[in-house]
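Structure assessment
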Amino acid sequence: MGNRAIKYRLYPTTEQAVLFAKTFGCCRKVYNLMLAEKIESYKETGKFAKVTPAKYKTEYPFLKEVDSLALANTQLALQGAFRNCFDKTRKTRNGFPKFKSAKHSRKVYTTNNQHGTVAIIGNTIRLPKIGRGRAVIHRQPKADWILKSATISQDRDGKYYAAVLFEYDDISSSYTADITNAIGLDYASDGLYVDDKGNIGSNHKYYRESQKKLAKEQRKLSRMVGSKKGEVKSANYQKQQAKINKIYRHIANQRFDNLHKRSTEIANQYDVVCVEDLNMRAMANKGFRNGKSTLDNGYGMFLNMLAYKLAERNKHLVKVNKYFPSSQRCHQCGKLHSEMKNLAVRKMTCDCGLVMSRDQNAAINIKKEGLRILKFGA
């Protein structure tokens, strides 16, 4: 079985928006109560107590006003956070679970479908306690897909969304990938990627393009009542903050749309895509002095999109080790050039007569190494 989620824009009524806000708050409250009790029990007994949302409903009767399945999924989320922290089989373990902040935590909750409690009806989505809310149903699920759950969220610009999860029979495509139809991609901070033919992925820098407008609005915000620490935020401050959040959301949407288009284009055109297995978080740190460009690219998100889109098509994404000297090796004769460690050197010039952009040369090497890994293994 496979899973697929479709995200729809919601337009709740005032009453529905109030109930969404209550549900977000109750889920956060229950999460913090359960986490606090687990910590306290560990201090007293050396073990984490098993807790459920139901035990808090007597003390906090407002918890009965919201969807009980949303609270149950909050319990599962906390259990998952503890597993991610203490599971020794994981390659990378998360830190200890933290309390959720009323100001900074994401507004989101998940509810399950039980005999039609969650359903898409016309241009509405039915949700427990909420009822039928108006939505933009831009895409219909297939007839044999089974609706499992819905995740309701509110972005920082105030818009509501429902990510509806469906389950379907995962019948793999009979398509057989042609390993000769391959492409190599080398990461480029000023163009997302450069492929082995020298093509640049995308020259857009969406954050940079909106930076002046964003800075102007942020300066306005800094002069309003509420900008100082401990000061009560005025209505104008909140309106201006919403305006800034809207710009941030626009930038993110632009980037997301571009990455989807580029990744779909590559997944449709090629059967094997070879890339470097880079640590994008490390590359965005202050030491490289290109954090804005790295984060503005969204290359890590781009690789995630490529991975699932290629898998759906029975195609291959091959990741080459980040320590493979793709930029230092001449793809024509194989000679290593230590001078290419300097990122300021933008051309590969070799004794064999090769003169080529360092990024294109690296992409060709990545493609060769990726095909070798695909054929013989790492």
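Attention here is on the structure that accompanies the text. Not measured: the values here are computed from a predicted model.

Criteria and cut-off values
- Residues numbered from 1 in each chain as written.
- Predicted model: local features only at pLDDT ≥ 70, side-chain atom pairs only at ≥ 80, totals over all residues.
- Heavy atoms only, no water.
- Helix = DSSP H or I, 4+ residues; strand = E, 2+ residues; numbered from the N terminus.
- Buried < 20%, exposed > 50% of the residue type's maximum accessible area, 1.4 Å probe, protein only.
- Core = buried A, V, L, I, M, F, W, Y, C linked by side-chain atoms within 4.5 Å.
- Contact = heavy atoms within 4.5 Å.
- Axes fitted to C-alpha atoms, helices over the stretch in contact; angles between N-to-C directions.
- Parallel < 35°, antiparallel > 145°, perpendicular 65-115°, else oblique.
- Left-handed = near helix turned anticlockwise from the far one by under 90°.
- Nonpolar A, V, L, I, M, F, W, Y, C, P; charged D, E, K, R; others polar.
- Salt bridge = Lys/Arg side-chain N within 4 Å of Asp/Glu carboxyl O.

A few words now on unusual backbone geometry. Phi at Lys129 is positive, roughly 70°, even though this residue is not glycine. By secondary structure assignment, the location of Lys129 is in the loop between β4 (124-127) and β5 (131-136). Positioned with a positive phi, Leu192 is a non-glycine residue whose angle comes to about 70°. What makes Leu192 buried here is its relative accessible area of 2%.

Once that is clear, we can look at the nonpolar core. If you look at the biggest cluster of nonpolar residues, it comprises 40 residues, and the most contacted ones within it are Leu10, Phe20, Tyr109, Ile125, Leu127 and Ile152. Take this core: its biggest share by element is eleven residues, from helix α1 (residues 14-45). For Tyr109, the contacting residues outside a window of four places in its chain are Phe20, Thr23, Phe24, Cys27, Ala70, Ile130, Ala150, Thr151 and Ile152. Membership of the second largest hydrophobic core comes to 19 residues, among which are Leu192, Tyr270, Phe302 and Leu310.

Contact pair helix α4 (residues 211-222) / helix α5 (residues 235-269): the axes reach a minimum separation of 9 Å and the direction vectors enclose 165°. What the angle tells us is that α4 and α5 run roughly antiparallel. As for how α4 packs across α5, the hand of that crossing is left-handed. Along the contact surface, α4 presents Lys213, Leu214, Glu217, Gln218, Lys220 and Leu221, while α5 presents Tyr237, Gln240, Gln241, Lys243, Ile244, Ile247 and Tyr248.

Attention now moves to the packing of α1 against helix α2 (residues 68-86). Contact pair α1 / α2: the axes reach a minimum separation of 9 Å and the direction vectors enclose 45°. The angle between the axes of α1 and α2 places the two elements in the oblique class. When the axes of α1 and α2 are compared, the crossing they make is right-handed. Where α1 approaches α2, its residues Thr23, Cys26, Cys27, Val30, Tyr31, Met34, Leu35 and Lys38 are matched on the opposing element by Ala70, Leu71, Thr74, Gln75, Leu78, Ala81 and Phe82. For the contact of α1 with α2, the residue count by class is eleven nonpolar, three polar and one charged.

Let us look at the pattern of salt bridges. A side chain of one charge can pair with a side chain of the opposite charge if their charged atoms are brought near each other. Overall, the coordinates contain 16 salt bridges when judged by the stated rule. Across the salt bridge formed by Lys220 and Glu217, the nearest N and O atoms sit 4.0 Å from each other. Of this pair, Lys220 and Glu217 are both found in helix α4, three residues apart, which corresponds to roughly one turn of the helix. A relative accessible area of 7% means that Glu217 is categorised as buried. The salt bridge partner of Glu369 is Arg372, with a shortest N-O separation of 2.8 Å. Of this pair, Glu369 and Arg372 both sit in helix α9 (residues 358-376), three residues apart, which is roughly one turn of that helix. Residue Glu369 is classed as buried on the basis of its relative accessible area of 15%.

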